[in-house]
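Observations on chain architecture
Each chain, written out:
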Amino acid sequence: MKTKIMIPALLLMAASFSSCEDYLTLESPDKLTSSSFWRDQSDAEAGLAAAYSQLEYYIDNWEFAEVKWPVEAYREDVVTIGADVPNYPNWMELYNFTYTNGNSQFTSYWSNNYKGISFANQVIDKVGGMDDEKIDPTIRTQIVNEGKFLRAYYHLKLLLNWEKIIVRDHFITEQSDLSAPLSERSEAWDFIISDLEDATALPQSYDADHIGRATKGAAYAYLGFACLTRAYEEPAQKDAWLSKALSALDNVKGYELEKNFNTMFDGSNKNSKESIFELQTSMSTSNGANYRTQFHRWIGCNELWGWDEILPSETLMNEFKKEGEIATTGRYDSRLYYTVFFNCDYFNDGTGRMYGYEFDDWFGEGSTRAGFRKFLPGDMEGMEANYCAINIPLMRYSNVLLMKAEVYNEQGNPTAAIPLINEVRDVHGDMPAMTGTSQDAVRAQIEHERMIEFPLENWRWYDLRRWGKTKSALDAAGRTGYDESRAFYPVPLMEINANDKISASN
């Protein structure tokens, strides 16, 4: 049910899995190469681990935070930049929408995901070609399907951020294959959806020694998201894609919402009952392992010993508070207090809710500053540590419920959507049932819930674009640098220079 993978020391072999490896004509007889490596199930699983290693580029201590969040989150209206960001012009370009195709951050994002695709393609090709004598056929099929899930995931990340991408459907062994044209968006969607459909044959869960691998639930959840997104992009086929999305989401089974919302993001409740797909971390450094980062410093504001790179926006704070203090706790929606540290009675009531201290102790009496609590360690020991190992939930069950609600509502059935919305409100927010029953009321409520449910999980940009609300939302937040030409990133200059089948006009 839960997804976790710990990458073994053989991950270091990933460096030899480049798309150019097979161009070599001379091979040392006493060293493994991409052609001689795939000997048995152990090799197959080591190769798969290398493909997993590219998830969000977590293996790089700096690029994990400094590429993923600027590229994905800085465009959103729910965040603003901190005091340190002007020191990094390429980050500022992303926030202000003034970037060119030479921007280093989304260039790395592009490269990192294509590296993951290359690793996944090698798994699919090499493991798929292993004889029954080398590997149990059932295990072979499972590993190939995991490779397809990862290949779909990496392509999906790219397609969400670029209007057109290169579909890499095989492991490159010829120089002539390096250059490839951009695919039409519908072709890319077909490819992603096909891989995810194959991946739905994966197991529902794994034993404790193999937690972390993509599951049936993860495949169906991302398939549902892909079909839902495509439904808006192809209006003529919207009903068909909505039906496919609902069918996929209905098959995400065995999960439930986690009442202790904050524990999913502070390292104290890894792989919770709500987690469908989760990026794994560990403080272990044995055998050269590197599954930890300084992510908490990147997320944290100055007052909380962070580097002040990302802050909750006024737009987000207003959204959290707009329903008033109507939660069963007598306060605002509980997700506010689990997501943000801010000046209020809750954090200044003398009980030391902020690591044994009050808000005023950290921020200063009367401060109007706010900082993210989400993804910060849950205790002082974690805050004081130079490194952290906080898992990153990539797909949660609340997302599935809210996507199902959206599908029902777009199908003209708001009555079926409302209980799903209310379930998330009750369990995570301690909030009463939503008001209103019309399609427009439900649509507005879904936007509200998704906005406050997922800060720093980076769904907001894709939601806004799906709903056609990107410009209006950014204008309302005072982010005037955006226009619709910035709905997607430009193909990186690095790719244009290296690929003779793509031109700057693309």
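As a reminder, the structure under discussion sits directly above these lines.
Right, let's walk through the structure included here. Just so it is clear, the structure is predicted and the values come from calculations on it, not from any experiment. (Residues numbered from 1 in each chain as written. Predicted model: local features only at pLDDT ≥ 70, side-chain atom pairs only at ≥ 80, totals over all residues. Heavy atoms only, no water.)

What to know about the environment of G300
Short version of the rule: Going along the chain from the N terminus, every DSSP run of H or I of four or more residues is numbered as a helix, and every run of E of two or more is numbered as a strand. Note on definitions: a residue-residue contact is assigned when non-hydrogen atoms from the two residues lie within 4.5 Å.
One can find G300 in the loop between α9 (295–299) and β3 (310–312). Put simply, G300 and T480 are 180 residues apart on the chain and 26 Å apart in space, counted from C-alpha to C-alpha. Each residue touching G300, except ones within four places of it in the same chain, is listed here: G306, W307, D308, E309 and L376.

Quick notes on the pattern of salt bridges
Convention followed: Every case where a carboxyl oxygen of Asp or Glu lies within 4 Å of a side-chain nitrogen of Lys or Arg is listed as a salt bridge. Exposure categories follow from relative accessible area, calculated using a 1.4 Å probe and restricted to protein chains: below 20% of the type maximum is buried, above 50% is exposed, and the middle band is partly exposed.
This structure, assessed with the given rule, holds 40 salt bridges. K148 is the partner of D198 in a salt bridge, and the nearest nitrogen-oxygen pair spans 2.9 Å. Residue D198 is located in helix α6 (residues 185–199), and its partner K148 is located in helix α5 (residues 137–161); the two are separated by 50 residues in the primary sequence. E234 is the partner of R230 in a salt bridge, and the nearest nitrogen-oxygen pair spans 2.7 Å. Given a relative accessible area of 4%, R230 falls into the buried group. Overlapping salt bridges, with partners in common, bring together E274, E323, D333, R335, K374, R396, R425, E449, E453 and E457 in one network.

As for the packing of aromatic side chains
Definition in use: Pairing of aromatic rings covers Phe, Tyr and Trp, the last counted by its six-membered ring, and requires centre-to-centre distances within 6.5 Å; plane angles under 30 degrees mean stacked, over 60 mean edge-to-face, and any other angle means tilted. In our convention, an over-ring charge means Lys NZ or Arg CZ found within 6 Å of a ring centre and within 35 degrees of that ring's normal.
This model, assessed by the stated rule, comprises 46 aromatic pairs. For the ring pair Y58 and F64, a centre distance of 4.6 Å and an interplane angle of 80° mean the geometry is edge-to-face. Accessibility assignment for this pair places Y58 and F64 in one class, buried. Grouping aromatic residues by their ring pairs yields a cluster made of W305, Y337, F341, F342, Y346, F347, Y355, Y357 and W362. We note R466 situated over the ring of Y232; from NZ or CZ to the ring centre the distance is 5.9 Å. The residue whose ring lies beneath R479 is Y95, and the NZ or CZ to ring-centre distance is 3.8 Å.

Let's talk about the packing of helix α3 (residues 89–96) against helix α4 (residues 104–128)
Packed helices, taken two at a time, are described by the angle their axes make and the gap between the axes. This is how the line gets drawn: Each axis is a line fitted through C-alpha atoms, and for a helix only the stretch in contact is used; angles between axes span 0 to 180 degrees, taken between their N-to-C directions. Between 65 and 115 degrees an angle is taken as roughly perpendicular, under 35 as roughly parallel, over 145 as roughly antiparallel, and anywhere else as oblique. Each residue receives one of three labels: charged for Asp, Glu, Lys and Arg, nonpolar for Ala, Val, Leu, Ile, Met, Phe, Trp, Tyr, Cys and Pro, and polar for the others, Gly being one of them.
Viewed as axis vectors pointing N to C, α3 and α4 meet at an angle of 90°, and their least axial separation amounts to 8 Å. Looking at the two axes, α3 sits roughly perpendicular to α4. Each of N90, W91 and L94 in α3 lies in contact with α4, whose residues at this interface are S104, Q105 and F106. Looking at the contact of α3 with α4 residue by residue, the class counts come to three nonpolar, three polar and no charged.

Thoughts on the packing of α5 against helix α7 (residues 216–233)
Where we set the bar: Left-handed describes a crossing in which the near helix is turned anticlockwise from the far one by less than a right angle; the clockwise case is right-handed.
Look at α5 against α7: their axes get within 11 Å of each other, and the N-to-C directions meet at 25°. The angle between α5 and α7 falls in the class roughly parallel. The two elements α5 and α7 meet at a crossing, and its hand is left-handed. Of the residues in α7, those in contact with F149, Y153, L156 and L160 of α5 are A218, A219, Y222 and F225. Residue composition of the contact of α5 with α7, by class: eight nonpolar, no polar and no charged.

Focus: the environment of E495
Tracing the chain through its elements places E495 in helix α19 (residues 493–498). Accessibility expressed as a relative area gives 12% for E495, which makes it buried. The sequence separation of E495 and S179 amounts to 316 residues, and the corresponding C-alpha distance is 9.2 Å. Residues contacting E495, with those up to four places away along its chain left out, are W110, I166 and I502.

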